[in-house]
Amino acid sequence: RLYGYIEVSPVKTLAILAQKGGSGKTTLAVHMAVCATRRKLRTALIDLDPQGSAHDWNESREEGRKLDAVKASSGQLAALLKQAKAAGADLAIIDTAPHSDSAAAIAAQLADFVLIPCRPARFDLKAIGSTAAIAKLAKTPAAVVLNAAPRGKLAEEARGALQQQGCTVLEPVLHQRAAYSHAVIDGRSVHEYEPQGKAATEIDALFVCVRKALRL
């Protein structure tokens, strides 16, 4: 396939985009990667954020639990996806930086599906349009996942607001749970921290939706 002049590797590729900082992109990226690995999918995690949080998280994991993760620039992405395919990867997950239109655009063009995390808060809802526009311009299917939602009606109110903006919103909602913070602080996922917990159940539900969208 070609998007513009960019050759796309056939490896299934998920890009996690949000132009606003603090939306939870890295938390989603590492949890989707662990979820895929638990399902015996060969998974590559590509960290395009200069802060390198996803890569650092992986480096802090115990030997034997490390994922296939690399820190890179957007200019290296196409070649890395080819390498992932050659190595037999089933899935590549791209964690991107906020406030980076060009890198986000390249990631969206090279992806099969764009996942857009959004907190159910006024400023986040207002900022979602720029991220959705990047995916639309790339002609890549995209959907929003509500993230770090407090208890109560706020998540469903946010869902309605996003749908009014023309956004597709996935059914699972990730709530504000201490398990997410406790898990990633020492290189784990919620499945490794609290396998039977509500956070793990939420991540499983989200992964089912993502896998369906990727036809993986």
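Above this text sits the structure in question.
The rules behind each value
- The residue numbering used here restarts from 1 in each chain and proceeds along that chain's sequence as written.
- Selection of residues for local features in this predicted model requires a pLDDT of at least 70, selection of side-chain atom pairs for listing and counting requires 80 or more, and totals for whole chains, interfaces and linings are taken over all residues.
- To obtain the side-chain values, all non-hydrogen atoms of the structure were included, while hydrogens and water were left out.
- Angles shown run from 0 to 180 degrees and are taken between the N-to-C directions of axes, each axis being a line fitted to C-alpha atoms and, for helices, limited to the stretch in contact.
- A run of H or I in DSSP becomes a helix once it reaches four residues, and a run of E becomes a strand once it reaches two; helices and strands are each numbered from the N terminus.
- Should an angle fall under 35 degrees it is called roughly parallel, over 145 degrees roughly antiparallel, and 65 to 115 degrees roughly perpendicular, with every other angle called oblique.
- Each crossing gets its handedness from the near helix: less than a right angle anticlockwise from the far helix is left-handed, clockwise is right-handed.
- Whether two residues are in contact is decided by their heavy atoms, any of which lying within 4.5 Å being enough.
- In the scheme used here, Gly and all other residues not listed as nonpolar or charged are polar, with Ala, Val, Leu, Ile, Met, Phe, Trp, Tyr, Cys and Pro taken as nonpolar and Asp, Glu, Lys and Arg as charged.
- At least two bridges found by DSSP between two strands are what make those strands a pair.
- A crossover counts as right-handed when, viewed with the strands pointing away from the observer, the path leading from the first strand over the helix to the second turns clockwise.
- The length a helix should cover is 1.5 Å for every residue beyond the first.
- Throughout this description, buried means an accessible area under 20% of the type-specific maximum (1.4 Å probe, protein chains only), exposed means over 50%, and partly exposed covers the range between.
- Here the arc refers to the set of directions running from the helix axis out to each C-beta atom.
- Throughout this description, the term nonpolar core refers to a set of buried Ala, Val, Leu, Ile, Met, Phe, Trp, Tyr and Cys residues connected via side-chain atoms within 4.5 Å.

Here we come to the packing of helix H4 (residues 101–110) against helix H5 (residues 122–138). Packing of H4 against H5 leaves a shortest axis separation of 9 Å and a crossing angle of 45°. Classified by the angle their axes make, H4 and H5 are oblique. Relative to H5, H4 is oriented so that their crossing is right-handed. Across from Asp101, Ala104, Ala105, Ala108 and Gln109 in H4, the residues of H5 making contact are Ile134, Ala135 and Ala138. Among the residues forming the contact of H4 with H5, the class breakdown is six nonpolar, one polar and one charged.

Now for the pairing of strand S5 (residues 68–71). Here strand S4 (residues 43–47) pairs with S5 via four bridges, running parallel. Residue pairing in the sheet places Asp47 in a bridge with Lys71 of S5. Where the polypeptide runs from S4 across helix H2 (residues 53–59) and back to S5, its parallel neighbour, the crossover connection is right-handed.

A rise of 1.5 Å per residue sets the reference length of helix H9 (residues 198–214), with its 17 residues, at 24 Å; its end C-alpha atoms lie 25 Å apart and thus fit the reference within 8%. All buried positions along H9 are accounted for by Ala199, Ala200, Glu202, Ile203, Leu206, Phe207, Val210 and Leu214. Seen along its axis, H9 keeps its buried residues to an arc of 155°; they face one direction. Within H9, the exposed residues directed more than 90 degrees away from the buried face are Lys198, Val208 and Lys212.

Residues Leu17, Leu77, Val114, Val144 and Leu162 are the most contacted members of the largest nonpolar core, which totals 36 residues. Per-element accounting of this core gives the leading share, five residues, to H5. Excluding residues within four positions of it along the chain, Leu77 makes contact with Ile46, Leu48, Ile94, Ile106, Ala107 and Leu110. Formed by 35 residues, the second largest nonpolar core is a distinct cluster that contains Ile16, Leu28, Leu174 and Leu214.

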